[in-house]
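Report on the structure
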Amino acid sequence: MEIWTNILLLMLIGPFMAAIFGVFGAVRAPKKYILVSIGGIALSLVCSLGFLWILGVIKPAGLLVTQFAWMDFAHSSIPMSFVVDPLSAVMCFVVSFVALLVFIFSSGYMEHDERKARYFCFLSFFTGAMLGTVVSNSLLTFLIFWEMMGLASYLLIGFWYQKPSAAAAAQKAFLTTRIGDLGLLAAVFFLYNKTGTLLFFDHGAGLLEPAQIALLQKAGLWAGAGYLFWVCLLAFWGAVGKSGQIPLHVWLPDAMEGPTPVSALIHAATMVAAGVFLMCRLYPLYESVDGLLTLITWVGAITAIFAGMIAIAQSDIKRILAYSTVSQLGIMFVGLGAGGPAYAMFHLFTHAFFKSLLFLGSGSVIHACSGEQNIYRMGGLKAKMPKTFLAYVIGAAALAGIPLLSGFWSKDEILYRAFEHDKLPFLLLCATSLLTAFYMTRQVVLVFFGEFRGTKEVKHHLHESPSLLTTPLIVLAVFAALAGLIGTPWMNLFGHFIHAPEHEINVPIHLLMMLTGTALAFGGLLLGVKLYWNRSVRTMADDPLHKLLGSFFVFLNERCRVDELYEATLGRFMDVAARLSDYFEIFLEFVNRMVGGLVYTLAWVENKVLDEWVINGIFSAGCESARIKGVLAAKFQNGSLAFYLRMMASGALIAGIIYWVVK
Amino acid sequence: MTLGFILIISAALFCIGLFGVLSRRNMIVILFSIELMFNAAHLNLIAFWRFGENPLAISGLMFVLFSLAISGAEAAIGLALILRLYRHYKSVETQSITELKG
Amino acid sequence: MLSLIIFLPVITGLLIAAGGKGYSRFTGGAALAVSIGMSLLCAFCIVDFARGGQDIAFMEYVPWIESFAINYFTGITALNAVFLLLTAVVMPVVIGVAVRNYPENAMMIGLLLVEQGLLTGVFAMQNLLLWFFFWELTLVPVFFLIKEYGAEQRAFAAYKFFLYTLLGSLPMLLSFLYIYYQFGTLDLSTTGSQGFKSLYALDSIGNSAAPEAFRGLAFWVFLGIFLGVAVKIPLYPLHSWQPDAYTQAPTPVSMFLTGIMSKMGVYGMLVLYTLMPVTFGIHAEWILWIAAITMAVSITVALLKNDLKEIIAYSSLNHVAICALGISAMALMTGQQALMKGQLQTGVLVQVFSHGLSGALLFLLAGILEKRSGTRLLGGPWGLRHQMPVFAGFFGVAVFATIGLPGLSGFIGEFLIFKGAFEMSPYATALAFLGLIPMTMVMLKVISRVLYGPLDAQFAHTHDMNRAERVAAIPFVILIILIGLWPKTIIWIWNW
């Protein structure tokens, strides 16, 4: 099947070549370049549709693998490998489709930005990396593209680098995801060491295939849990980082500093979904370990309710959506843990459409309001921006789970599985659904209904966005509304395609779930309407919820002060560690100087004691005595003739006496 | 006129000369005291020649004549030196010439 | 051939240093010509070696001082090929930077050229005593370079560097002398198969030439050589000279200090492993811990520093200690794990090359920044991305290569080394691995201070990198990206 390798290459080359062009001189002809990059994405979309066609129609049962050598050692090698199976084909489609729409939207949104060529360069790079992640067959290839996505995210969040908040947000995002990535990297090490392969599918010898899984299950224990447990936990930590689950969720809301289309693509539809995708990909491993799926479910559920609670108290239009994304990702994890990859993927699928719709819609709103992002200063936009309003409402309704829209079907499935599996997460999920409907209603009412509460100047400029912005919205709205229909319990095309295991459908329970879902959605809706309809909420103090919840509302508005907590604990810890290390350095330097001083002292001692005192002393003493003797001897030279004569005489006499004695 | 008698006389002469050398301040006196010591030695030599084994051998007399000549020469040199010294130091006292000392 | 590559730069360099005053363009051109010429020659030799597949290529063996077994024995082996290539790549750029920035200073250019020859000599020498000779000799030009052209504390740094490394290497000499005394030869063999009498795996059970006395003292011999190597890499706690030397040295000198000289220590460790694998294996566990502690502590200290060069110096500590980590892990592996050992060794060698490039590039860019801003200290956000986009791009590549982003060369070595080390000693490796977090923090902090934020007023008229600076930086950038995306290009050279 050589042709599909070519399609794969084309799909990846399109965006990457666009990115490379962008680096080398796209700045000179930005408009042409934008067309080139859109062309690259369109190419990817065509290729993904090709994959869907091949997998869906021509070769329905297979998965297709290709690999080529990357690092060759003497007796082993690490290859780069790609696979296109239904899972990746679906993701490819979602990614390239949403990306295309985001690109088109961006060409209008970023029209007046002087660095727009750079923007499209980074965006193409990101899209290429995301597509690469999705079709990877090797955990290493996956990791490489995954990190490239992190880099792209860093570049895009910090795109308006002159804003200090943007720079800080980019840094935070990269650092937090990197902390998660370390877990994934460690998992890669351990997997490779034990099994000697990093390929997912390798004709029976891949990681996800029964032989290796059996091997991993038999590997040793550590701290009471199996090898496979720890490996999977580490990989999950990586997903937690990338998908913004608790405790690594702090970067996602800050990532809203980037341009809105970036938020739509990266932080709603694709990159954050990569964590979910990773879990789905590695599901055979997770299935084989006890307890981990439960952990995933719980993490997802807690994140969902936590983020939902914070979302109801936010006042920035994008922040609400960001926390909503975190919350929905939590729901996806619950779906994975309680049900399986098919449920998580289905929700990912629908979520991509309505969340990107909502983000792009908010972008349209922000564009119309000349940059205003605070919903307390919006209002009554329904009349001014009908198309945006319509699309937005559809998106919000889909998110809230209004029946027959896409979100309803995917969430319903997850509720069903959660109910069957774990009751407590199910309850948390119900609460989350209620909150979701509530905060979306709150947002829609405050933004689109009532009186405009902003400044006169902004009001003056209010207008519907150009068609370049609204057309993608409409397209997405259609999908947000209808996409769910391929996954209804009675006609589950989606599940079929992904080879989800067949389940017995317990019809009464299922209907109960649908009713529950509907009730929750409408309940939240009504609550929101009741609190916010026809109210003029200009500041946080005016907010009815504030009156209801008091300081708890403020606490939620401050995002439960998680950032402050991290700063106080981890930040402090790093600070202390750094200081301790510095003290150690200073200590070592002190030791150095001591050694140096010791040597210097030794030298001084040797100089003073040996040289000066001992050797010089002896020498001087010797010389001194010689001198004194010389002085004595010199006394014989006193210049007196008489003395000399007397000496001569006595000498002669003594000599004569000696001669006479000896003789 | 025994040998002993002449020896006593030459010994006395020698001692007088020695005394002069050792205790006189005047350099000329020292000089001729040295001459006196010389002559005492000569007398000793003559005595031993005349009262010895071969009183008529001419070598004894030659010996003394040589010695006399040399002592005369030496006295001349000594006087010349004293004259020079006198010209420089304006004195013939031994105490006034003490520059060469250590 | 190797003799030419070693000695021509030395002689030319001495000539330039001694008499080059006043002919600045000529001396600069001559120096660059010799440097680039010798580097190309070296590169061709290495490629030839890689294609040929023998154990040792371009061997020159001239018996010299018979009574002490000091023979002039050079050659390119699988062990030193990477190091030679690194020298060939980095030194011409260093000399180019010096010629550009210090045009009137013939002494500096001459000494750098001498250093190129000496560094090539260190890696090429296969006779232990001559190797030691070159090892110590390389310190001399550096001493003078730091002392003459360094920053405010140059005299202190120069003396500290010189005395510390000189004295640290003395135990090595003692060990070598003892080895000669026991074995009667000082010629190395990297694979144990040489025509003449040579040293290899001195303490292994199968080595019949090893006298009993040697086995008893094997630990002390090992310790002697290890101390010399540990001062050079450097490893805690013998590293204090490094931050001072790297910070106070002028930019070209810092570039090759971090790029090549630190790798001398790694090379020494590899030679030590070849000489005494059994003893190394016995002690590898604590050596591994030392390397891990070095990695963790060094980068944590950097969190507090504000001097850009100091930060790079500490990150360099981290990146070279990882090679020590890898080699220690290799020593712990048994014969059954030959596959893993091969991968680990590949990782070490790739990391050597990669960090040589990225460390040198970082110092190059730091030097450019220092020239533009007048200080080494990182002030508030400077927002230079606006004014100097090319610089921002290169700086980004260098920083992210240091962080270890996949797709750039820093990842390959780290990946392979950590993988192998986790297998052998998980706790120590975990400590070292966690050091990646402060590394990311520090490097991101650097980037955000330098590139992000509103444009600082003092840089309103700063120029972006001029052509010479770009030419200097581009080879590094290209190689970093190339090796990151396609590691085969470098692994092919030794092909373990």
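Along each chain, numbering runs from 1 in the same order as the chain's sequence is written. Key to labels: chains lettered from A, ligands numbered from 1, both in the order written. Local features in this predicted model are restricted to residues whose pLDDT is 70 or higher, and side-chain atom pairs enter the listing and the counts only when it is 80 or higher, whereas totals over whole chains, interfaces and linings include all residues. Calculation of side-chain values draws on the structure's entire complement of heavy atoms; hydrogens and water are dropped beforehand.

Section: the overall build of chain B
Within chain B one finds 3 helices and 0 strands. Strands are runs of DSSP state E lasting at least 2 residues, helices are runs of H or I lasting at least 4, and numbering of each runs from the N terminus. The order of helices and strands in chain B, counted from the N terminus, is α-α-α. Every radius of gyration here is taken over C-alpha atoms, with the globule rule written as 2.2 Å times N^0.38, N being the number of residues. Computed over the C-alpha atoms, the radius of gyration of chain B is 17 Å, more than 25% above the 13 Å expected from 2.2 N^0.38 for a compact globule of 102 residues. Principal axes of the C-alpha set define a box for chain B whose edges measure 50 × 25 × 25 Å. Whether a residue is buried, partly exposed or exposed follows from its accessible area with a 1.4 Å probe, protein chains only, as a fraction of its type maximum: under 20%, in between, or over 50%, in that order. The proportion of buried residues among the 102 residues of chain B is 26%. Only heavy atoms matter for contacts: two residues are in contact if any of them lie within 4.5 Å across the pair. Within chain B, contacts between residues at least 6 apart in sequence are counted, and of these 61% link residues at least 24 apart. When the accessible area of chain B is evaluated, it comes to approximately 6900 Å², of which 74% is carbon and sulfur surface. Every accessible area reported is derived by Shrake-Rupley at a probe size of 1.4 Å, with residue values counting cover from the shown protein chains alone.

Some points on the overall build of chain A
Assigned secondary structure in chain A consists of 27 helices and 6 strands. Principal axes of the C-alpha set define a box for chain A whose edges measure 155 × 65 × 55 Å. Evaluated residue by residue, chain A yields a buried proportion of 59% over its 663 residues. Within chain A, residue pairs in contact and separated by at least 24 positions form 78% of the contacts whose partners lie at least 6 positions apart. As displayed, chain A offers around 26600 Å² of accessible surface, 71% of which is attributable to carbon and sulfur atoms. Charged residues are defined here as Lys and Arg on the positive side and Asp and Glu on the negative side; His and the ends of the chain fall outside this count. Each charge is placed at NZ for Lys, CZ for Arg, CG for Asp and CD for Glu. Once the 43 positive and 39 negative side-chain charges of chain A are each reduced to a mean point, those two points are 8 Å apart.

Quick notes on the layout of surface pockets
Cavities and pockets were defined on a 1 Å grid built from protein atoms only: a cavity is a group of points that admits a 1.4 Å probe but offers it no way out, a pocket is an open group of points flanked by protein on both sides within 12 Å along at least five of seven lines, and a lining residue is one with an atom within 4 Å of any such point. Grid points are joined across faces, edges and corners, and a volume is the space filled by probe spheres set on the points. Volume-wise, the second largest pocket comes out at about 1300 Å³. In terms of lining, the second largest pocket is formed by 39 residues, of which the most central are L175, L570, G571 and M574 of chain A together with M441 of chain C. Broken down by secondary-structure element, the contributors of at least two residues to the lining of the second largest pocket are α6 (164–195) and α26 (562–634) of chain A together with α11 (277–301), α17 (426–434) and α18 (436–450) of chain C. Ranked by residue count, the leading element in the lining of the second largest pocket is α26 of chain A, at 12 residues. Each residue is assigned to one of three groups, with Ala, Val, Leu, Ile, Met, Phe, Trp, Tyr, Cys and Pro labelled nonpolar, Asp, Glu, Lys and Arg labelled charged, and all others, Gly among them, labelled polar. Taken together, the residues that form the lining of the second largest pocket break down as 25 nonpolar, 7 polar and 7 charged.

So, the confidence of the model for chain B
You can read pLDDT as the predictor saying how much it trusts each residue, on a scale of 0 to 100. Here chain B averages 91 in pLDDT, while 99% of its residues score no lower than 70. Two summary scores accompany this predicted model of the complex, namely pTM at 0.85 and ipTM at 0.90.

Digging into the packing of aromatic side chains
Describing an aromatic ring pair means giving the distance of the ring centres and the angle of the ring planes. Stacked, edge-to-face and tilted labels apply to pairs of Phe, Tyr and Trp rings (six-membered ring for Trp) whose centres lie within 6.5 Å, assigned for plane angles under 30 degrees, over 60, and everything in between, in that order. Throughout the structure, instances matching the rule amount to 68 aromatic pairs over all chains. Arranged with centres 5.0 Å apart and planes meeting at 35 degrees, the rings of F353 of chain A and F479 of chain A form a pair that is tilted. With a gap of 126 residues between them, F353 of chain A in helix α15 (residues 341–368) and F479 of chain A in helix α21 (residues 467–482) connect regions that are remote in the sequence. An aromatic cluster of three or more residues is present, and its members are F189, F190 and Y227 of chain A together with F411, F415, F418, F422 and F433 of chain C. For the cation-ring pair, R50 of chain B lies above W49 of chain B, with the distance from its terminal atom to the ring centre recorded as 4.6 Å. A cation over an aromatic ring shows up here: K232 of chain C above the ring of W135 of chain C, its NZ or CZ 5.6 Å from the ring centre. Two conditions define a charge sitting above a ring: the NZ of Lys or the CZ of Arg must be within 6 Å of the ring centre, and it must be within 35 degrees of the ring normal.

Remarks on empty space enclosed by the protein
Residue and element names in this part refer to chain A. Inspection of the entire model under this criterion finds 8 cavities of 30 Å³ or more. Roughly 60 Å³ of volume is contained in the largest cavity. At the level of secondary structure, the elements contributing two or more residues to the lining of the largest cavity comprise α18 (406–421) and α23 (507–532). A total of 4 residues in the lining of the largest cavity trace back to one element, the largest contributor, which is α18.

So, the interface of chain C and chain A
The partner chain A presents 52 residues to the 60 residues of chain C that form the contact. Each of two parts loses accessible area, computed with a 1.4 Å probe, when they are put together; buried area is these two losses added. Considering only the surface of chain C that becomes buried against chain A, L304, F415 and Y452 of chain C emerge as the three largest contributors, covering 13% of it. One speaks of a salt bridge when a side-chain nitrogen belonging to Lys or Arg is within 4 Å of a carboxyl oxygen belonging to Asp or Glu. Put simply, chain C and chain A have 2 salt bridges between them. The partner of D582 of chain A in a salt bridge is K305 of chain C, and the shortest N-O contact between them spans 3.2 Å. Side-chain atoms alone can form a polar contact between residues adjacent in sequence; in general such a contact is a pair of N or O atoms within 3.5 Å, and within protein one must be able to donate a hydrogen while the other accepts it. On inspection of chain C and its partner chain A, the count reaches 15 residue pairs in polar contact (both at pLDDT 80 or more). In terms of residue class, the side of chain C that touches chain A is built from 38 nonpolar, 13 polar and 9 charged.

A short note on the arrangement of the chains
When the 2 pairs of chains in contact are ranked by number of contacts, first place goes to chains A and C. One finds no contact between chain B and chain C; the C-alpha atoms of the two approach each other to within 55 Å at their closest.

Comments concerning helix α17 (residues 386–400) of chain A
One fewer than the residue count of a helix, multiplied by 1.5 Å, yields its expected span. For α17 of chain A, with 15 residues, the first-to-last C-alpha span of 21 Å sits near the 21 Å given by 1.5 Å per residue. Taken together, the buried positions of α17 of chain A are occupied by T388, F389, A391, Y392, G395, A396, A397, A398, L399 and A400 of chain A.

Description of the interface of chain B and chain A
With 12 residues of chain B at the interface, the matching set in chain A holds 11 residues. With both chains or domains summed, chain B and chain A bury close to 810 Å², and 66% of this area falls on carbon and sulfur atoms. Between chain B and chain A we count 3 residue pairs in polar contact (both at pLDDT 80 or more) in total. Those elements that place two or more of their residues in the side of chain B that touches chain A are α1 (3–23) and α2 (27–50) of chain B. It is α1 of chain B that contributes the most residues to the side of chain B that touches chain A, 4 residues altogether. Of the residues in the side of chain B that touches chain A, the class split is 7 nonpolar, 4 polar and 1 charged.

Examining a nonpolar patch on the surface
Where nonpolar side chains cluster on the molecular surface, the patch consists of F584, F587, F590, V591, M594, V595, L598, V599 and L602 of chain A and spans about 860 Å² of accessible area. Turning to its location among the elements, V595 of chain A is positioned in helix α26. The patches reported here contain residues having more than 30% relative accessible area and no salt bridge. Joining distances are 9 Å for like charges and 5 Å for nonpolar side chains (Val, Leu, Ile, Met, Phe, Trp, Tyr).

So, the pattern of salt bridges
All names here are of chain A. Summed over the entire model, instances satisfying the criterion amount to 21 salt bridges over all chains. For the salt bridge of K172 with D563, the shortest nitrogen-to-oxygen distance reads 2.5 Å. Residue K172 is located in helix α6, and its partner D563 is located in helix α26; the two are separated by 391 residues in the primary sequence. Owing to a relative accessible area of 22%, D563 belongs among the partly exposed residues under this scheme. What you see here is one network of salt bridges that share partners, running through K172, D254, R559 and D563.

Examining the environment of V475 of chain A
Residues and elements named next belong to chain A. Relative to the elements of secondary structure, V475 occurs in helix α21. On the basis of relative accessibility, which here comes to 28%, the residue V475 falls in the partly exposed class. Setting aside residues no more than four positions away along its own chain, V475 makes contact with F97 and L101.

So, the environment of S328 of chain C
All names here are of chain C. Mapped onto the secondary structure, S328 falls in helix α12 (residues 308–332). Along the chain, S328 and W289 lie 39 residues apart, while their C-alpha atoms are 9.3 Å from each other. In contact with S328, other than residues within four places in its own chain, are M269, F280, A284, I287 and L288.

Focus on the side chain of K305 of chain C
Locating K305 of chain C in the fold gives a position in the loop between α11 and α12. On the basis of relative accessibility, which here comes to 15%, the residue K305 of chain C falls in the buried class. Within the local environment of K305 of chain C, its side chain forms a polar contact with the side chain of D582 of chain A, the two groups lying 3.2 Å apart. Non-local contacts of K305 of chain C, meaning those with residues more than four positions away in its chain, are made with D582 of chain A together with E310, I311, Y314 and K445 of chain C.

Side note on helix α19 (residues 467–485) of chain C
Residues and elements named next belong to chain C. Taking 1.5 Å per residue as the helical rise, α19 with its 19 residues ought to reach 27 Å, and the 26 Å between its terminal C-alpha atoms agrees with that figure. Maximal helix bending in α19 amounts to about 35 degrees, located at A473; proline P475 follows within four positions. All of the buried residues in α19 are E469, A472, A473, F476, V477, I480, I483 and G484. Bend, in this description, refers to the angle at a residue between axes fitted to the seven residues ending there and the seven starting there.

What to know about the side chain of D464 of chain C
All names here are of chain C. Take D464: it is sitting in the loop between α18 and α19. Among buried charged residues, D464 stands out as having no salt bridge; its nearest opposite-charge side chain is R470, 4.9 Å away. With residues up to four places along the chain from it excluded, the contact list for D464 reads R372, Q387, M388, P389, V390, F391 and E469.

Side note on the packing of helix α10 (residues 251–275) of chain C against helix α13 (residues 338–373) of chain C
Residues and elements named next belong to chain C. Only the stretch in contact is used when a helix axis is fitted, and all axes are lines through C-alpha atoms; the angle between N-to-C directions ranges over 0 to 180 degrees. Here α10 crosses α13 at 165 degrees, and the two axes come no closer than 7 Å. Of the possible angle classes, the one that applies to α10 and α13 is roughly antiparallel. Of the two possible hands of crossing, α10 and α13 adopt the one that is right-handed. Of the residues in the contact of α10 with α13, the class split is 10 nonpolar, 9 polar and 3 charged. Our angle categories are set so that under 35 degrees counts as roughly parallel, over 145 as roughly antiparallel, 65 to 115 as roughly perpendicular, and the remainder as oblique. For a crossing to be left-handed, the near helix must be turned anticlockwise from the far one by less than a right angle; the clockwise case is right-handed.

Some details on the pairing of strand β1 (residues 56–65) of chain C
For two strands to pair, DSSP has to find at least two bridges joining them. Examined bridge by bridge, β1 of chain C and strand β2 (residues 70–77) of chain C share 7 bridges and lie antiparallel to one another. Paired with A57 of chain C across the two strands is I76 of chain C, which belongs to β2 of chain C.

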